[in-house]
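# Summary of the model geometry
For reference, the chains in residue letters:
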Number of protein chains: 2
Amino acid sequence: MKEYCKFESALDILVGKWKPAILLQLISNGIMRFGELQKAIPDINKKMLTQQLRELEHNNIVHREVYNQIPPKVEYSISEYGKGLSTVLKALNDWGTAHMKHMDALYGVDRSESEPKG
Amino acid sequence: MKEYCKFESALDILVGKWKPAILLQLISNGIMRFGELQKAIPDINKKMLTQQLRELEHNNIVHREVYNQIPPKVEYSISEYGKGLSTVLKALNDWGTAHMKHMDALYGVDRSESEPKG
DNA sequence: CAGAATCCCTATTGATACTG
DNA sequence: CAGTATCAATAGGGATTCTG
């Protein structure tokens, strides 16, 4: 067995363009409906939101609660098991925060591009 | 600024099909030459190895030492800055290890496929 | 409302050959 | 030895349309 598959096993959970955003939302807000997630992450579309949620669900990170009613209502939340990711996410977040400052200091950040003044 | 860009900033470093494998090698073995890395990660090709190393180098995670001689000799190692990743990598590794067991228990692992008895 | 299905496009990965 | 250059294959992401 490849040693690094442990890394990859963990990374696979987090990788996917929208998974960090989704996880952050669910961690911050607890239970959220599909539509709420979509509103909270404006640039995502339904297909991607569905897809990434399904992957997280398959990995037991998020719990999906379906209310069988019209109109439909589906709630998502971090599963108990998923909460075990908190250490990883915190490590990632801490390091990421420091790293952004580091890169900023090294190269400068082109905020002009990445943040249209709006 | 999007909150999750901190996650992403960190994830970007680790994401890339071969980066976990490369990092693991360098962490385990210290200084390694290009060819050694290639031997240690048999399925990678030169292009990918070069590319991923360059990205890691650009992010200050690995150090590249070039000896100007014939035949060429280039050594790679984790940079001082890159060593700061250890917390993240450990968290990832620990969680990944547990997660593999978890998924194994849930779904069973098709070892028959993933590990040809060789 | 919460998706499923379809089609398209681009970024990432890979195979191969060439070079100082 | 340690790459670069080029081209081909693929997977991931996205726009749009349709549905119970």
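Residues numbered from 1 in each chain as written. Chains lettered and ligands numbered in written order. Predicted model: local features only at pLDDT ≥ 70, side-chain atom pairs only at ≥ 80, totals over all residues. Heavy atoms only, no water.

### Quick notes on the packing of aromatic side chains
The final tally for this structure, using the stated rule, is 2 aromatic pairs over all chains. Both rings, one in A:Tyr81 and one in B:Trp95, keep their centres 5.9 Å apart while their planes meet at 40°; by these two values the pair is tilted. With A:Tyr81 in helix α5 (residues 80–83) and B:Trp95 in helix α6 (residues 86–107), this residue pair bridges two chains. A relative accessible area of 9% means that B:Trp95 is categorised as buried. Here the guanidinium or amino end of B:Lys73 rests over the ring plane of B:Tyr67, the centre of that ring lying 4.8 Å away. (Phe/Tyr/Trp six-rings, centres within 6.5 Å; stacked < 30°, edge-to-face > 60°. Helix = DSSP H or I, 4+ residues; strand = E, 2+ residues; numbered from the N terminus. Buried < 20%, exposed > 50% of the residue type's maximum accessible area, 1.4 Å probe, protein only. Lys NZ or Arg CZ within 6 Å of the ring centre and 35° of its normal.)

### Some details on the sheet that holds strand β3 (residues 73–78) of chain B
All names here are of chain B. Across the sheet, 3 strands lie side by side as β1-β3-β2; this open sheet has antiparallel pairing. The open sheet has two edge strands with one neighbour each: β1 (32–33) and β2 (62–67). As judged from the 2 bridges shared by β1 and β3, these two strands associate in the antiparallel manner. Directly across from Arg33, in β3, lies its bridge partner Glu75. Helix α2 (residues 19–29) rests against β1, β2 and β3 of the sheet, and its axis sits at about 90° to β3. (Pairing = 2+ DSSP bridges. Contact = heavy atoms within 4.5 Å. Axes fitted to C-alpha atoms, helices over the stretch in contact; angles between N-to-C directions.)

### Focus on the UniProt feature "domain: HTH hxlR-type" (unreviewed entry) in chain A
UniProt's entry tags residues 5–104 of chain A with the feature "domain: HTH hxlR-type" (unreviewed entry), counted in the numbering of this structure. Secondary structure across residues 5–104 of chain A comprises 64% helix and 14% strand; the distance between its end C-alpha atoms is 32 Å. (UniProt positions renumbered as here; feature names shortened; annotations may be inferred.)

### A few points about the side chain of B:His99
By the secondary structure assignment, B:His99 is in helix α6. The buried category is assigned to B:His99, whose relative accessible area is 2%. Setting aside chain neighbours within four positions, we find B:His99 in contact with A:Ser9, A:Ile13, A:Asn59 and A:Tyr81.

### Looking at the relation of the copies chain A and chain B
Placing chain A over chain B gives an RMSD of 0.1 Å and needs a rotation angle of 179°, together with 0.0 Å of translation along the axis. This pairing of chains is accounted for by a two-fold axis. By residue overlap, the copies meet face to face through one surface: 100% of the interface positions of chain A are interface positions in chain B. (Least-squares fit on C-alpha atoms with pLDDT ≥ 70 in both.)

### Considerations on the protein's contact with DNA strand C
Close to DNA strand C lie 21 residues; A:Arg54, A:Arg64, A:Tyr76, B:Lys17 and B:Lys47 are nearest. In DNA strand C, atoms within 4 Å of the protein come 62% from sugar and phosphate. For DNA strand C, a phosphate oxygen lies 2.9 Å from a polar atom in the side chain of A:Arg33. Within the contact set of DNA strand C, a base oxygen lies 2.3 Å away from a side-chain nitrogen or oxygen of B:Lys47. Within the residue set of the surface near DNA strand C, elements represented by two or more residues are α3 (34–40), α4 (46–58) and β3 (73–78) of chain A together with α4 (46–58) of chain B. (Near = heavy atom within 4 Å. Polar contact = N/O pair within 3.5 Å; in protein donor to acceptor, adjacent residues only side chain to side chain.)

### Considerations on the protein's contact with DNA strand D
As a structural note, the neighbourhood of DNA strand D is formed by 21 residues, with A:Lys17, A:Trp18, A:Lys47, B:Arg64 and B:Tyr76 the closest of them. Each atom of DNA strand D within 4 Å of the protein belongs either to a base or to sugar and phosphate, the latter forming 63%. Between DNA strand D and B:Pro72 there is a distance of 3.2 Å, counted from a sugar or linking oxygen to a backbone nitrogen or oxygen. Among the elements of the structure, α4 of chain A together with α3 (34–40), α4 and β3 of chain B are those that each provide at least two residues to the surface near DNA strand D. Among the elements that make up the surface near DNA strand D, the one with the highest residue count is α4(B) (4 residues).

### Quick word on the interface of chain A and chain B
Taken together, the 42 residues of chain A in the interface contact 42 residues of chain B. Ranking the residues of chain A by area buried against chain B places A:Phe7, A:Tyr81 and A:Trp95 at the top, with a combined share of 19%. Summed over the shared surface of chain A and chain B, the number is 0 salt bridges. Our count for the chain A to chain B interface comes out at 3 residue pairs in polar contact (both at pLDDT 80 or more). Of all the secondary-structure elements, those providing two or more residues to the side of chain A that touches chain B are α1 (5–14), α2 (19–29) and α6 (86–107) of chain A. A per-element tally of the side of chain A that touches chain B places α6(A) first, with 16 residues. Tallied by class, residues from the side of chain A that touches chain B come to 26 nonpolar, 11 polar and 5 charged. (Buried area = accessible area lost by both parts, 1.4 Å probe. Salt bridge = Lys/Arg side-chain N within 4 Å of Asp/Glu carboxyl O. Nonpolar A, V, L, I, M, F, W, Y, C, P; charged D, E, K, R; others polar.)

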